[in-house]
Amino acid sequence: MPQIIWSGQTGCLLPLLIILNLLFGRAIFNSTYLWLGVEAALILIFLIKIHIFMRKIIQQFGPAARGPASGSRSQRPGGPHGRVIDVEGRVVEEEKKLE
């Protein structure tokens, strides 16, 4: 079943419509108000989609996605904590860790 265009992954379709309307909208629409209204509506939809997309990314990488074991991460600032394993699979000693 085909998806409705505004609810699926539109990719570059919406920015393309914005650019095409900006360049050729005056020739397509007879009224300047209608042309600018369509342009404003397309930009508003685009901004809403960006906001929703960014919220999904933040939720995916936010503190709730790390699980209950992430409590010790907030106590010590910095990179990954725990044992560091080199490319050969050996445990690197604490004083030999790379920075």
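Just so we're clear, the structure is a prediction, and the values are computed from it rather than from any experiment.

A. The overall build of the protein chain, seen in detail. Of regular secondary structure, the protein chain possesses three helices and two strands. Ordered by position from N to C terminus, the α and β elements of the protein chain give α-α-α-β-β. The long-range fraction of contacts in the protein chain, counting pairs at least 24 apart against all pairs at least 6 apart in sequence, stands at 34%. Surface accessibility of the protein chain: about 8900 Å² in total, with carbon and sulfur atoms responsible for 65%.

B. Local environment of the side chain of Glu39. If you trace the backbone, Glu39 turns up in helix H2 (residues 32-61). Despite its burial, Glu39 pairs with no opposite charge, the nearest such side chain being Arg26 at 12 Å. If we ignore the near neighbours within four places in the chain, the residues touching Glu39 are Ile18, Asn21 and Leu22.

C. Highlighting the packing of helix H1 (residues 13-28) against H2. One way to put it is that H1 packs onto H2 with a least axis distance of 10 Å and a crossing angle of 165°. Classified by the angle their axes make, H1 and H2 are roughly antiparallel. Here H1 runs over H2; the crossing is left-handed. Packed against H1, whose contacting residues are Leu14, Pro15, Leu17, Ile18, Asn21, Leu22, Gly25 and Arg26, the element H2 presents Thr32, Trp35, Val38, Glu39, Leu42, Ile43, Ile45, Phe46 and Lys49 at the interface. Looking at the contact of H1 with H2 residue by residue, the classes come out as eleven nonpolar, three polar and three charged.

D. Representation of H2 within the structure. Here H2 spans 44 Å end to end across 30 residues, near enough to the 44 Å set by a 1.5 Å rise per residue. Listed as buried for H2 are Trp35, Glu39 and Leu42. Buried positions along H2 lie against H1. Between a side-chain oxygen at the N-terminus of H2 and the backbone nitrogen of Tyr33 the separation is 3.2 Å; the capping residue is Ser31.

Criteria and thresholds
- Residues numbered from 1 in each chain as written.
- Predicted model: local features only at pLDDT ≥ 70, side-chain atom pairs only at ≥ 80, totals over all residues.
- Heavy atoms only, no water.
- Helix = DSSP H or I, 4+ residues; strand = E, 2+ residues; numbered from the N terminus.
- Contact = heavy atoms within 4.5 Å.
- Areas by Shrake-Rupley, 256 points an atom, 1.4 Å probe, with all protein chains shown as cover.
- Buried < 20%, exposed > 50% of the residue type's maximum accessible area, 1.4 Å probe, protein only.
- Lys, Arg positive; Asp, Glu negative; His and termini not counted.
- Salt bridge = Lys/Arg side-chain N within 4 Å of Asp/Glu carboxyl O.
- Axes fitted to C-alpha atoms, helices over the stretch in contact; angles between N-to-C directions.
- Parallel < 35°, antiparallel > 145°, perpendicular 65-115°, else oblique.
- Left-handed = near helix turned anticlockwise from the far one by under 90°.
- Nonpolar A, V, L, I, M, F, W, Y, C, P; charged D, E, K, R; others polar.
- Expected span 1.5 Å × (residues − 1).
- Polar contact = N/O pair within 3.5 Å; in protein donor to acceptor, adjacent residues only side chain to side chain.

By themselves, these observations are geometric and do not establish any function.
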